[in-house]
Amino acid sequence: MKLSIFFDRRAVGAALLLTASLSLGCGAAVRNPALERAKDVYNRARQDREVVARAAVALDRARLTLEQAERVWSAEKDVVEVEHLAFVAEKRVEIARATARRRQAADEIQQLNPQRD
Amino acid sequence: MSTVFGSNHLRQRRKAPFRRWLIPSLILLCAFENSSCSTGKPPTEILSKAELDLRAASEARADELAPMDLQSAREKLEASKRAMAAGRYEEARRLAEIAQVEAELAAAKAEAEITRRAADDLRRRIDTLRVDSERSSASEPSRAPAKE
């Protein structure tokens, strides 16, 4: 009886160790699709010279949200929170693109104004 | 010896219900802490910020120029208020954050559209002025010899 209890404990201990090591080992490789998509959206905006030049602050806010999502993902693996932050980061990239469009049009107005005079 | 064994056995049996409930209680506690039901602080600050940004977006003519983003932001704000009333603060906080960022996006899109339309309008007027001045300068030399 005693032996079986000892065996059970060892088995449970081994199972726990295996689970912990597996989750630790896989942790680095596991990726969150929403976070990966948001990173992709952000990186594409980073390659757009108009967005970088005209909406640097807005783009930086997107980067900060992405970094927060990455921290939550690596520390807690909180899928709901990471998907939420990834969504917010994508919206922030969209805001940066809209800001760049507005500034581009405003610059155009400034260039056209002397011609009108 | 038998009495000692007996009392130990009795003590173990008394401890058993406690042990039986301890681990499930701990698991439940952890699950509750990690779930969205965990009670945090009510997200009043982000909720009022979302409301302000929604008002700003409406003032920037987002109703007309970015209606889908504005509508989505309004729906998220309402859902956030419902979650807040039900005490689901984490959900309310996330919904308010989405409402806020969507309202900001609606305003940014509306402002971009307004500025683009202004630039297009200015370009058209300049083109019209240029055509007019070209036309008048083309007609001037024909008048000049007539005067002489």
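Residues numbered from 1 in each chain as written. Chains lettered and ligands numbered in written order. Predicted model: local features only at pLDDT ≥ 70, side-chain atom pairs only at ≥ 80, totals over all residues.

(A) Representation of the overall build of chain A within the structure. A tally of helices and strands in chain A yields five helices and zero strands. The secondary structure elements of chain A, listed N-terminal to C-terminal, are α-α-α-α-α. Taking all 117 residues of chain A together, the buried fraction comes to 32%. (Helix = DSSP H or I, 4+ residues; strand = E, 2+ residues; numbered from the N terminus. Buried ≥ 20, exposed ≤ 12 C-beta atoms within 10 Å, placed from the backbone.)

(B) Expanded view of the interface of chain B and chain A. Tallying the contact residues gives 20 residues for chain B and 19 residues for chain A. Across the side of chain B that touches chain A, the residue classes tally to nine nonpolar, two polar and nine charged. (Contact = placed C-beta atoms within 7 Å. Nonpolar A, V, L, I, M, F, W, Y, C, P; charged D, E, K, R; others polar.)

(C) Representation of helix H2 (residues 44-59) of chain B in the model. Residues and elements named next belong to chain B. Counted at 1.5 Å a residue, the expected span for H2 with its 16 residues is 22 Å, and the 23 Å between its end C-alpha atoms agrees. What H2 keeps buried is the set Leu-47, Ala-50, Asp-53, Leu-54 and Ala-57. Projected down its long axis, H2 shows its buried positions confined to an angular sector of 125°, all on one face. With respect to the buried face of H2, the exposed residues turned more than 90 degrees away are Glu-45, Ser-48, Leu-52, Arg-55 and Glu-59. At the C-terminal side of H2, Arg-61 shows a positive phi close to 65°. (Expected span 1.5 Å × (residues − 1). Arc of directions from axis to C-beta.)

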